[in-house]
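Here is what each chain is made of, one letter per residue.
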Amino acid sequence: MTLAERYRRDGGLEDVYGSRHAPGPDGVPLFTVWTRDPDDGSQPFERLRRSVTAFMRHKEGLSLSRGYLMDVFGPDGTLQHRLDARL
């Protein structure tokens, strides 16, 4: 089962069809998310950001104590959001 499948199964947003995480700069997590939702507005992004980070912390056991980075790609593959939330 892929990370995106586990995320959706656990109540995550159905539009997410791909997800991965890897160490980013200085070892903070870098999340990459692919969504079918074409809406690149701030409200859908906030909903996605909160959902993904909660899942990664509580279900995958990932520490976000030093912050994280997140890239979100839309249905056509274009970058919708790039967030640097390092602390």
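Above: the structure in question.
Calculation notes
- Residues numbered from 1 in each chain as written.
- Predicted model: local features only at pLDDT ≥ 70, side-chain atom pairs only at ≥ 80, totals over all residues.
- Heavy atoms only, no water.
- Core = buried A, V, L, I, M, F, W, Y, C linked by side-chain atoms within 4.5 Å.
- Buried < 20%, exposed > 50% of the residue type's maximum accessible area, 1.4 Å probe, protein only.
- Helix = DSSP H or I, 4+ residues; strand = E, 2+ residues; numbered from the N terminus.
- Phe/Tyr/Trp six-rings, centres within 6.5 Å; stacked < 30°, edge-to-face > 60°.
- Expected span 1.5 Å × (residues − 1).
- Contact = heavy atoms within 4.5 Å.

J.: Before we go on, may I ask you to explain the nonpolar core in this structure?
T.: The tendency in soluble globular proteins is for nonpolar side chains to be buried as a group. Counting 15 residues, the largest nonpolar core has Leu48, Val52 and Met70 as its most contacted members. At 5 residues, helix α2 (residues 42-58) tops the list of elements feeding residues into this core.

J.: Mind showing me how you'd approach the packing of aromatic side chains here?
T.: Aromatic ring pairs: the centre-centre distance and the angle between the two ring planes describe each pair. Taken as a whole, this structure holds 3 aromatic pairs when the rule is applied. Ring geometry for Trp34 and Phe73: centres 6.1 Å apart, planes at 20°, overall stacked. Of this pair, Trp34 sits in strand β2 (residues 29-35) while Phe73 sits in strand β3 (residues 69-73), placing them 39 residues apart in sequence. On the basis of relative accessible area, Trp34 is assigned to the partly exposed category, the value being 25%.

J.: Would you explain α2 in this entry?
T.: Think of an α-helix as turning once every 3.6 residues; residues three or four places apart then point the same way. Between the first and last C-alpha of α2 there are 24 Å, a value that for 17 residues agrees with the 24 Å anticipated at 1.5 Å per step. Looking only at α2, the buried set comprises Pro44, Phe45, Leu48, Arg49, Ser51, Val52, Thr53, Phe55 and Met56. Its buried side turned inward, α2 meets α1 (3-9), β1 (16-23), β2, β3 and β4 (79-84).

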